[in-house]
Amino acid sequence: MHGCGNDYIYINTIEQAVPNPQEAAIKWSDRHKGIGSDGLVLIGASSLPEADFTMRIFNADGSEAMMCGNASRCIGKYLYERNITTKTEIRLLTLSGVKTLHLHISNKKVESVTVDMGEPVFENESQFMGYRVLDKGTFVSMGNPHYVIFTDNVDQVGETGRMLEKHPAFPQRCNIEFAQIVSGKATDHTNTDHTTIRTRVWERGSGITEACGTGACATAVAAAFTGKAGRTSDIVMDGGTLTIEWRKSDNHVYMTGPAEFVFEGEIEI
């Protein structure tokens, strides 16, 4: 499945266990010798009353991620269209907490999903050490760490992103976003008008990806926080566009976008 080109292999572990997901993620994600993907996602049943299902996500290098917005939308579509649930509001347990998925249904199909991504965090010493040399960007944690740089050259994502991912400023490594305001620049950070932002992403553990849900959220929040945009932004990434709203009412970030099936198959474990 993919969300705006951010593609993962999805396994329903309610039916089929994956004994070594780290190893499987590396092997299967290889685009020449495996299935090909940005990583591996495991869908599971939740034993906790506050969640309906669980998600574990492993990057292409085998490292486990805390959260993925694009993957969570795909899980919502998978669960509903595969008749595993009839709910249109699904509580998904991730390593960064429980996320609520709101499914938008048309003709019994999930057309899009809005995910409550929770509150953004601007200071987290376990994820960002605050190096002065990096003061040109904005750190935003959406459960996982992001560093957003506004620039006229978003295509530096490969060279600069690779370097910054493992910079000493980021103890857990970091996702790096390069963003450019395209239209609708706000006059102050409370403006609610739509802003369009072109963004390219270097994901830790995967490199350049077509899209990143938490990265889109971090970009929109950083733009609003620094007065470059309003509270709602369309984030245009290589693989598609996500709409992000940072609501004043609850300080939560809401991400809306599509999810798509690509193919189904079998592979030996």
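See the structure above.
Residues numbered from 1 in each chain as written. Predicted model: local features only at pLDDT ≥ 70, side-chain atom pairs only at ≥ 80, totals over all residues. Heavy atoms only, no water.

Enquirer: When you look at the nonpolar core in this model, what are you seeing that I'm missing?
Expert: Looking at soluble globular proteins, one finds that nonpolar side chains tend to be buried together. Counting 52 residues, the largest nonpolar core has Tyr10, Val41, Ala71, Ile75, Met117, Ile244 and Val253 as the members making the most contacts within it. Among the elements that take part in this core, helix α4 (residues 213–225) stands out by supplying 8 residues, more than any other. For Ile75, the residues in contact, after removing those within four places along its chain, are Tyr10, Val41, Ile43, Met55 and Leu92. (Core = buried A, V, L, I, M, F, W, Y, C linked by side-chain atoms within 4.5 Å. Buried < 20%, exposed > 50% of the residue type's maximum accessible area, 1.4 Å probe, protein only. Helix = DSSP H or I, 4+ residues; strand = E, 2+ residues; numbered from the N terminus. Contact = heavy atoms within 4.5 Å.)

Enquirer: How should I be thinking about the pattern of salt bridges in this particular structure?
Expert: Once their charged atoms are close, side chains differing in charge can pair, the charge on each being opposite to the other. Counting across every chain of the model gives 14 salt bridges. Taking the shortest distance from any N to any O, the salt bridge between Arg56 and Glu64 comes out at 2.9 Å. Taking relative accessible area as the criterion, Arg56 reaches 38% and is therefore assigned partly exposed. For Glu64, a relative accessible area of 32% corresponds to the partly exposed category. A salt bridge links Arg200 to Asp155; the nearest nitrogen and oxygen atoms lie 3.0 Å apart. Of this pair, Arg200 sits in strand β13 (residues 194–203) while Asp155 sits in the loop between β11 (145–150) and α3 (157–165), placing them 45 residues apart in sequence. (Salt bridge = Lys/Arg side-chain N within 4 Å of Asp/Glu carboxyl O.)

Enquirer: I would appreciate a short explanation of the packing of aromatic side chains in the present structure.
Expert: Each aromatic ring pair is characterised by the separation of its centres together with the angle its planes make. On inspection of all chains with the given rule, the structure shows 7 aromatic pairs. A ring pair is formed by Tyr78 and Phe261, whose centres lie 6.4 Å apart and whose planes are at 45°; its orientation type is tilted. Within this pair, whereas Tyr78 is found in helix α2 (residues 69–81), its partner Phe261 is found in the segment after β17 (253–257), the two being separated by 183 residues in sequence. Tyr78 gets classed as buried once you look at its relative accessible area, which sits at 15%. Pairing Phe122 with Phe225 gives two aromatic rings, centres 4.2 Å apart and planes at 20°, and the pair type is stacked. Taken together, the positions of Phe122 in the loop between β9 (109–116) and β10 (138–141) and Phe225 in helix α4 put the pair 103 residues apart, joining distant regions of the chain. What makes Phe122 partly exposed here is its relative accessible area of 24%. Look at Phe225 and you get partly exposed, because its relative accessible area is 47%. Among the aromatic residues, those joined into a cluster by ring pairs are Phe128, Phe139, Tyr147 and Phe170. Sitting over the ring of Phe261, Arg82 keeps its end group 4.0 Å from the ring centre. (Phe/Tyr/Trp six-rings, centres within 6.5 Å; stacked < 30°, edge-to-face > 60°. Lys NZ or Arg CZ within 6 Å of the ring centre and 35° of its normal.)

Enquirer: Just checking my understanding: could you explain empty space enclosed by the protein for this structure?
Expert: To find leftover empty space, one rolls a probe the size of a water molecule over the atoms. All chains considered together, the criterion is met by 1 cavity of 30 Å³ or more. Along the walls of the largest cavity sit Tyr8, Ile57, Asn59, Ala65, Met67, Cys68, Asn144, Asn175, Glu203, Arg204, Cys212 and Thr214, which together make up its complete lining. Within the lining of the largest cavity, the residues separate by chemical class into 6 nonpolar, 4 polar and 2 charged. (1 Å grid on protein atoms, 1.4 Å probe; cavity = no way out; pocket = protein on both sides within 12 Å on 5 of 7 lines; lining within 4 Å. Points joined across faces, edges and corners; volume = space filled by probe spheres on them. Nonpolar A, V, L, I, M, F, W, Y, C, P; charged D, E, K, R; others polar.)

Enquirer: Looking at this structure, I do not really get the pairing of β13. What am I missing?
Expert: Where a strand is regular, its side chains alternate between the two sheet faces. Where burial is concerned, most of β13 is hidden: 7 out of the 10 residues are buried. By the bridge criterion, 7 bridges tie strand β12 (residues 175–183) to β13 in an arrangement that is antiparallel. Considered in β13, the bridge of Ser183 is made with Thr196. Strand direction decides the pairing type here: β13 and strand β14 (residues 207–209), joined by 3 bridges, are antiparallel. Looking at β14, one finds that Trp202 is bridged to Ile208. A loop of 3 residues connects β13 with β14, the two strands running antiparallel in sequence, and Gly205 in this loop sits at a positive phi of about 85°. (Pairing = 2+ DSSP bridges.)

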